[in-house]
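As a plain string of letters, each chain reads:
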Amino acid sequence: MFNKLALGLTTAIALCLPAAAETLRLSHNTGDQTTWQKGADKFAELLAAETGGAYDVRVFPNAQLSGGDQMKQAEMTGRGAIDLVLTSAINVTPLAPEMAAFSLPYLFSDYEAVDRATGGPAGDRMKEIMQGHGIQVLAWGENGFREVTNSKRPITSPEDMKGLKMRVAGPMYIDVMNDLGANPQQMQWTETFPALQQGVVDGQENPIGAVIIPQRVYEVQKYITPWHYSYDPLFLGISSAKWDSLDDATKAQFQKAATEAMQYQIQISREATAEGLDYLKEQGMEVHEPTAEQLAAFREATKPSFQKWSDQIGTDIVDLFTTAASAQ
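Residues numbered from 1 in each chain as written. Predicted model: local features only at pLDDT ≥ 70, side-chain atom pairs only at ≥ 80, totals over all residues. Heavy atoms only, no water.

An unreviewed UniProt entry lists the protein under the name DctP family TRAP transporter solute-binding subunit, with Paracoccus spongiarum given as the organism. Per UniProt, the protein carries the Sequence similarities (unreviewed entry) text "Belongs to the bacterial solute-binding protein 7 family." Among the UniProt annotations of the protein, the heading Subcellular location (unreviewed entry) holds the following wording: "Periplasm". (UniProt positions renumbered as here; feature names shortened; annotations may be inferred.)

So this is what it looks like as structure tokens:
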């Protein structure tokens, strides 16, 4: 009798205890003080709340899960080796060249144009393409407009770029830098700060709020030109294998958490960017804000890359983006 009572009590207690949370691994490119990390942490927090603690998202910065290779994260997510990835469009172009459409030189003039693209047919088309690579894009975030910094001289014209050793993140930016006469060197972000510090490269290009400030680029760079030459969105994606294993109610919870987390990430990135130039001046950087005529010269110089990558991406896709960019 005692054994039966004990067994019954044990069973009852077990039924009352919550099931152990399922651990999911989320990989992203940058350090743990960036808006990337804050967005990933927000997603983990929101998903735990939405699911009553059924999922525990562990966030791994600096592309730790792919051995520091930020280009490899999406491919690993696509085959289910990583559950979730927060990465930028330009970092997946080796896997999905069409994603370079977001970052075509001087495509977008402002945030409104960006939001029309991510929230409309252009963004939907990119989601379809990533599904073909085994990734369900849950929400768009923001890396931001990429600005150029260097340790040698102010950048006021394409001629000022000539000969500079520039760290870049992907193949399209290699072509753009070649258009400008610079010497591009593709490099993982984890290697970039010491390369700038040691003079292996002279400069780099990245968004102010998402990377330049939180990653303390101003400590190793003297000059910045906010030339808005390219935009780079983030996306929060989940392995299709994991996504397909979820029921509809759980999918809705994941989607809600992702949407709210990336809205938060975009907000804090834009706030940091708005305040960024003043902060960088306080840190000793020299800021050159280009005139309309100077921007036109940069735009003209990078037209060969725009055309080359438009041809690779496909006219139908580029048309979706240019329509979003030019709509009023």
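After that view, the rundown keeps rolling.
## Observations regarding the nonpolar core
Counting 50 residues, the largest nonpolar core has Met99, Phe108, Met161, Trp227, Phe235 and Phe321 as the members making the most contacts within it. Going through the elements one at a time, helix H4 (111-118), helix H5 (121-131), strand E4 (135-150), strand E5 (165-168), helix H6 (171-179), strand E8 (223-239), helix H12 (303-313) and helix H13 (315-326) are the ones with two or more residues in this core. Of all hydrophobic cores here, the second largest spans 37 residues; its members include Ala40, Val59, Val217 and Ile224. (Core = buried A, V, L, I, M, F, W, Y, C linked by side-chain atoms within 4.5 Å. Buried < 20%, exposed > 50% of the residue type's maximum accessible area, 1.4 Å probe, protein only. Helix = DSSP H or I, 4+ residues; strand = E, 2+ residues; numbered from the N terminus.)

## Remarks on the pairing of strand E6 (residues 183-186)
Of the strand pairs in this sheet, E5 and E6 are connected by four bridges, and their pairing is parallel. The residue bridging Lys165 from the neighbouring strand is Asn183, located in E6. (Pairing = 2+ DSSP bridges.)

## What to know about the packing of aromatic side chains
Applying the stated criterion across every chain yields a total of 12 aromatic pairs. With a centroid separation of 4.8 Å and 85 degrees between ring planes, the pair formed by Phe102 and Phe321 is classed as edge-to-face. Here Phe102 is found in the loop between strand E3 (84-88) and H4, whereas its partner Phe321 is found in helix H13, with 219 residues between them in sequence. Looking at Phe321, the relative accessible area reads 0%, which means it is buried. (Phe/Tyr/Trp six-rings, centres within 6.5 Å; stacked < 30°, edge-to-face > 60°.)

## Observations concerning the environment of Val200
Along the chain, Val200 turns up in the loop between helix H7 (189-198) and strand E7 (203-206). C-alpha separation for the pair Val200 and Pro105, spaced 95 residues apart in sequence, amounts to 26 Å. In this structure Val200 touches Lys165, Gln185 and Ala195, once residues within four positions along its chain are discounted. (Contact = heavy atoms within 4.5 Å.)

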